[in-house]
Amino acid sequence: HGDLQPLLIFPEGTCVNNDYVVQFKKTVFDLDENIAICPIAIKYNKSFVDAYWISSKEGFLMYLFRLMRSFCLVCDVWYMDSMYRRKDETAIQFAGRVQQAIADQAGLKNTQYDGYMKYWTPSLRYKRARQLAFAHAVVPPSMLKKAK
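Residues numbered from 1 in each chain as written. Predicted model: local features only at pLDDT ≥ 70, side-chain atom pairs only at ≥ 80, totals over all residues. Heavy atoms only, no water.

## Notes on the overall build of the chain
So, point 1. The number of helices and strands found in the chain is 3 helices and 4 strands.
So, point 2. Starting at the N terminus and ending at the C terminus, the chain contains elements arranged as β-β-α-β-α-β-α.
So, point 3. For the chain, the residues scored as buried account for 23% of the 148 residues in total.
So, point 4. Across the chain, every contact between residues at least 6 apart in sequence was considered, and the portion connecting residues at least 24 apart equals 69%.
So, point 5. Carbon and sulfur atoms provide 58% of the accessible area of the chain, an area that totals close to 11,300 Å². (Helix = DSSP H or I, 4+ residues; strand = E, 2+ residues; numbered from the N terminus. Buried < 20%, exposed > 50% of the residue type's maximum accessible area, 1.4 Å probe, protein only. Contact = heavy atoms within 4.5 Å. Areas by Shrake-Rupley, 256 points an atom, 1.4 Å probe, with all protein chains shown as cover.)

Spelled out as structure tokens, the structure:
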């Protein structure tokens, strides 16, 4: 109705390394079908400084200092056409469609990797469960021994 103000959201929820587009959080894409999502693709040029921030290795002030002492920060920005959720589309499918459009525009690799996994060290139990799931998908059941 013209009374809504634009809202800038980074749907990854985390800083990414300028090579990939990581899995988007679905919340903003779960809004009403007539709400426009205006994707913006940003790709940093690493010629003068790498704008990627790994917060577990470098504090924000050091990161800011590194950026400020560089000659310049160059990036390409693409303002893309508005996108709307289709009637037959779930929020997850819509998020994936917008994510793919951004990846295509900026020449980035699209992935379903959750960006927060960089802060998480998987437990041995989790690793074993993933290994077993993979083994069951690849190896015929008759060749697998029962895991205890």
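## Focus on the packing of aromatic side chains
So, point 1. A full pass over the atoms with the stated rule returns 6 aromatic pairs.
So, point 2. Consider the rings of phenylalanine 48 and phenylalanine 71, whose centres lie 5.4 Å apart with planes at 45 degrees: the pair is tilted. Taken together, the positions of phenylalanine 48 in the loop between strand E2 (40-45) and helix H1 (60-69) and phenylalanine 71 in the loop between H1 and strand E3 (74-79) put the pair 23 residues apart, joining distant regions of the chain.
So, point 3. Ring pairs connect the aromatic residues Phe24, Phe29 and Phe94, which therefore count as one cluster. (Phe/Tyr/Trp six-rings, centres within 6.5 Å; stacked < 30°, edge-to-face > 60°.)

## Quick notes on the nonpolar core
Nonpolar side chains in soluble globular proteins generally cluster together in the buried interior.
So, point 1. Val21, Phe24, Phe29, Ile37, Phe94, Val98 and Ile102 are the most contacted members of the largest nonpolar core, which has 16 residues in total.
So, point 2. With 7 residues, the single largest contributor to this core is helix H2 (residues 91-106).
So, point 3. Apart from the residues within four sequence positions on either side, isoleucine 37 is in contact with Val28, Phe29, Asp81, Ser82, Met83, Phe94 and Val98. (Core = buried A, V, L, I, M, F, W, Y, C linked by side-chain atoms within 4.5 Å.)

## Looking at a nonpolar patch on the surface
So, point 1. There is a patch of nonpolar side chains on the surface, built from Leu8, Phe10, Ile40, Ile42, Tyr44, Leu73, Val77 and Tyr79 and spanning about 800 Å² of accessible area.
So, point 2. Every element with two or more residues in the nonpolar patch is listed here: E2 and E3.
So, point 3. Of the residues forming the nonpolar patch, the biggest block, 3 residues, is contributed by E2.
So, point 4. Take tyrosine 44: it is sitting in strand E2. (Patch = residues over 30% accessible without salt bridge, like charges linked within 9 Å, V, L, I, M, F, W, Y side chains within 5 Å. Salt bridge = Lys/Arg side-chain N within 4 Å of Asp/Glu carboxyl O.)

## Considerations on the pattern of salt bridges
So, point 1. This structure, assessed with the given rule, holds 4 salt bridges.
So, point 2. Here arginine 86 and glutamate 89 are joined by a salt bridge, their closest N and O atoms 4.0 Å apart.
So, point 3. With relative accessibility at 46%, the residue arginine 86 sits in the partly exposed group.
So, point 4. Residue classification places glutamate 89 among the buried residues on the basis of a relative accessible area of 9%.

## What about the environment of methionine 83?
So, point 1. As for its placement among the helices and strands, methionine 83 is situated in the loop between E3 and H2.
So, point 2. On a C-alpha basis, the gap between methionine 83 and phenylalanine 94 in space is 9.1 Å, while along the polypeptide they are 11 residues apart.
So, point 3. When residues no more than four places from it in sequence are discounted, the contact partners of methionine 83 are Ile35, Ala36, Ile37, Pro39, Phe94, Arg97, Val98 and Ala101.

## Quick look at the environment of cysteine 75
So, point 1. Within the secondary structure, cysteine 75 is located in strand E3.
So, point 2. The class for cysteine 75 is partly exposed, based on a relative accessible area of 33%.
So, point 3. Linking cysteine 75 and lysine 46, residues 29 residues apart in sequence, is a C-alpha distance of 8.6 Å.
So, point 4. For cysteine 75, the residues in contact, after removing those within four places along its chain, are Ile42, Lys43, Tyr44 and Asn45.

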